[in-house]
Amino acid sequence: MFEQLVFYAFAAGLLFAATMVITVRNPVHAVLFLVVAFFASAGLWMLLEAEFLAIALVLVYVGAVMVLFLFVVMMLDINVAALREGFSTYVPAAGIVAFLMLAAIGLVVGHQHFGLGAVPQPPAAAADYQNTAQIGRVLYTQYVLPFEVAAVLLLVAIISAIALTLRTTRQTKAPRPERQVQASRADRVRLVKMVAVKPEPDRIENP
Amino acid sequence: MNDIALILPEVSLLALACVVLLVDAFAGKRSPELTFWAAVLSCVIVLAEVARFVPEAAMFGFSGTLRIDVLGVVLKTFVLVLVLLSFFYAREYFSKRPGEIRGEYYPLALFATLGMMILISASSLLTVYLGLELLSLSLYSLVALQRNSVVASEAAMKYFVLGALASGLLLYGMSILYGVAGTLDLSELLVKVANLESQRLLLTFGLVFLVVGIGFKLGVVPFHMWVPDVYQGAATPVTQFIGTAPKLAAFGMTMRLLVDGLEGLAEQWQQMLIILSVLSMGLGNLLAISQRNFKRMLAYSTIAHMGFMLLGLISASANGYAASMFYITLYALMSMGAFGSIILLCSAQSEGDQLSDLAGLGKRSPWFAFILLILMFSMAGVPPFGGFWAKWSVLKEVVAADYVWLAGVAVLFSLIGAYYYLRVIKIMYFDEPESPYPVTGSADLRFLLSVNGLLVLLLGLMPGGLMAICQAAAIPYSP
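Here is what the cut-offs are and how they apply
Residues numbered from 1 in each chain as written. Chains lettered and ligands numbered in written order. Predicted model: local features only at pLDDT ≥ 70, side-chain atom pairs only at ≥ 80, totals over all residues. Heavy atoms only, no water. Helix = DSSP H or I, 4+ residues; strand = E, 2+ residues; numbered from the N terminus. Rg over C-alpha atoms; globule rule 2.2 N^0.38 Å. Buried < 20%, exposed > 50% of the residue type's maximum accessible area, 1.4 Å probe, protein only. Contact = heavy atoms within 4.5 Å. Buried area = accessible area lost by both parts, 1.4 Å probe. Phe/Tyr/Trp six-rings, centres within 6.5 Å; stacked < 30°, edge-to-face > 60°. Core = buried A, V, L, I, M, F, W, Y, C linked by side-chain atoms within 4.5 Å. pLDDT = per-residue confidence, 0-100. Salt bridge = Lys/Arg side-chain N within 4 Å of Asp/Glu carboxyl O.

Engineer: Looking at this structure, how should I read the overall build of chain A?
Structural biologist: The helix and strand inventory of chain A stands at ten helices and zero strands. Counting helices and strands in the order they occur from the N terminus, chain A gives α-α-α-α-α-α-α-α-α-α. Over its C-alpha atoms chain A spans a radius of gyration of 33 Å, topping by over 25% the 17 Å that the globule rule assigns to 207 residues. Dimensions of chain A along its principal axes, counting C-alpha atoms only, are 125 × 50 × 30 Å. Looking at chain A as a whole, 17% of its 207 residues qualify as buried.

Here you go:
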């Protein structure tokens, strides 16, 4: 009973936060609501006895990724009004599609198929059950190929990000240390020999 | 055979792609040719490794997440050959239009190829998804590489957003299937589906979302929104790349998911594919008629062709799969040539992708007008050319599967489609050129394009060889 209350609390929080993410006007608020959404889903995972994943979600997403998100959002000059242009025009069509989807999903993914009668509740894990060890074991044995492909995926993401944002040196004004240290005295100072006292130019008498 | 030996081609491709990336980073500016040759060499090495080992029965590796079989080997070979061809075309474009795209094209294209190979040999929902993402992510950034072009950025953005949506739907479908069957493994799923009669509704529900993901990757109506914008917006070599090899990978993905994993639901997915197929052939062919941009016209023609290709899968028989594979291979070859012609026509000032740029090509360059004539006739499905046999083999299977009305609809839409292919030929031979500048292209490009066009003609005269390969690949699927 208590578990159910906790579940509904987290689930309601998740739905509310997710709705706010796409409806609030201020992008910084949207990011903060996303943080709340992540927290709520971490709570749900905790109820499913996936403690390691729940903590990883909080540490990685809330702790690191969302902070970067906030930085990016604050650096960008986002014109929310322009982004929301046409919102009301599309609402009816989008609403109908969303409602149909919801109805179809509700018809199929309901109590009759996923209720406790259809899928019995799995027995609770023993107290000394090692969540982390279990994940580690399958991650590097059974699922090593998908794991490595995911790593390549991240590599491609890095390459693409650099390829798309790196500007050519022509436009950057950063100092180039490797050329600065090569500078010698001859590049900077030029000694010019001059006579100390210049003789007065000869006067040419007018004829 | 151990796991590493099975996946050797993919491992070497990853290593070589990283080498090409480093070569490009350190020597790319001084000698762009070096990156190109490194990329070509990588493809050739991997091609040799793939073709070296053809298993007699399907072999599984990495706890059943990887599957090596004849279908996979054949598809990977075709993919690598197509990628190699598109590299040679791309090199010409870069030398004709310097400054449009930077050298990251080759390494990113190689990573996309890696994604295609993983997708083709996937045997688990997880591998399918990751292979697909690797392919798509590389393609998004390839489109966006042309940074100075507003159209390209817009195309990349549309592609990315719609692709992310399709990935989300695909994942949702996979999660439903996992929830019902309790396995990610496609061969286990095949057994489970046969035994889970009572859960038919739920499995079908998951299947719907998988079909959405597949439909997006193939670019069939109603998941085609990205195709015209991406084809038109991206630089021609990128469009050429997207329009050829990834189509084969998408076909591989369809086979893996629908046939290797969910053949038990064939009745259900046949109905869905019929809808997608009829809509694609109709909308693709009708909208292609009103296009002025050659690349956009080819995009709508792709949509129609993909709809036609699905007809073979609808028959749900080994011969049908072979026919679809034959169709998509030939289509990739034809569209390679068509985009190659645009590269021939482009110059430092213009992309050369308007239909009006083709005006008077018959006078400016009779030989290449003839090559494009072969390609257009072939796409329309006129008898002596390759495209005819592709359409013929697919239609034969549809009729054999008792969908005569569907074959009738397909023929009707092909007739409508013939109009805009023939219009291209009319523009080439009967319209006056706007500017009678001669067609320029290096000897390499001329050779490549001639071989490409003549290959389509040759496959029309002797389709037996390629057909036999496709049938051999589909033998395991015969009951």
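Picking up where we left off.
Engineer: Any chance you could explain the interface of chain A and chain B here in plain terms?
Structural biologist: Interface extent is often summarised as the accessible area lost during association of the parts. Counting residues at the interface gives 28 residues for chain A and 37 residues for chain B. Summed over both partners, the interface of chain A with chain B buries about 2,700 Å², with 81% contributed by carbon and sulfur atoms. Mapped by element, the contributors of at least two residues to the side of chain A that touches chain B are helix 5 (87–108), helix 6 (111–114) and helix 8 (144–165) of chain A. Per-element tally for the side of chain A that touches chain B: the top contributor is helix 8 of chain A, with 15 residues.

Engineer: Explanation requested: the packing of aromatic side chains in the structure shown.
Structural biologist: Both the distance between ring centres and the angle between the ring planes are used here to describe each pair of aromatic rings. Residues and elements named next belong to chain B. Inspection of every chain in the model, using the stated rule, returns 30 aromatic pairs over all chains. When the centroid spacing of 6.1 Å and the interplanar angle of 75 degrees are considered together, the rings of Tyr-93 and Phe-94 count as edge-to-face. Phe-94 matches Tyr-93 in its accessibility class, with the two residues each being buried. Here the aromatic rings of Phe-388 and Trp-389 are separated by 5.1 Å at their centres, their planes lie at 70 degrees, and the arrangement is edge-to-face. Judged by relative accessible area, which is 29%, Trp-389 ranks as partly exposed. One aromatic cluster is present, formed by Phe-36, Trp-37, Phe-87, Phe-88, Tyr-93, Phe-94, Tyr-105, Tyr-106 and Phe-241 through successive ring pairs.

Engineer: Any chance you could explain the nonpolar core here in plain terms?
Structural biologist: One broad trend across soluble globular proteins is that nonpolar side chains are buried collectively. If you look at the biggest cluster of nonpolar residues, it comprises 203 residues, and the most contacted ones within it are Phe87(B), Tyr105(B), Phe294(B), Leu311(B), Leu358(B) and Met376(B). Examining the composition of this core, we find that 20 residues originate from one element, helix 15 (residues 318–345) of chain B, more than from any other. Aside from chain neighbours lying at most four places away, what touches Tyr105(B) is Ser86(B), Phe87(B), Ala90(B), Phe94(B), Leu142(B), Leu145(B), Pro237(B), Val238(B) and Phe241(B). Judged by nonpolar contacts, the second largest core, of nine residues, contains Val31(A), Ala42(A), Ala54(A) and Val73(A).

Engineer: Sorry if this is basic, but what is going on with the confidence of the model for chain B here?
Structural biologist: Detailed reading of the predicted coordinates is not advisable wherever pLDDT falls low. All names here are of chain B. Across chain B, the average pLDDT comes to 92, with 99% of residues at 70 or higher. When the elements of chain B are averaged for pLDDT, helix 16 (residues 361–364) gives the smallest value, 86, and helix 5 (residues 105–120) the largest, 96. In the model output, the complex is listed with pTM 0.90 alongside ipTM 0.91.

Engineer: How do you make sense of the pattern of salt bridges when you look at a structure like this?
Structural biologist: When the charged atoms of two side chains with opposite charge come close together, those side chains can pair. Residues and elements named next belong to chain B. In the structure shown here, the tally under the stated rule is 15 salt bridges over all chains. Note that Asp-444 is salt-bridged to Arg-91, the shortest N-O span being 3.1 Å. Linking Asp-444 in helix 20 (residues 443–461) with Arg-91 in helix 4 (residues 70–96), this pair joins segments that are 353 residues apart in sequence. Relative accessible area serves as the criterion here: at 40%, Asp-444 is assigned to the partly exposed category. Arg-91 sits in the buried class, given a relative accessible area of 15%. Via salt bridges that share partners, Arg-67, Asp-69, Arg-256 and Asp-260 belong to a single interconnected network.

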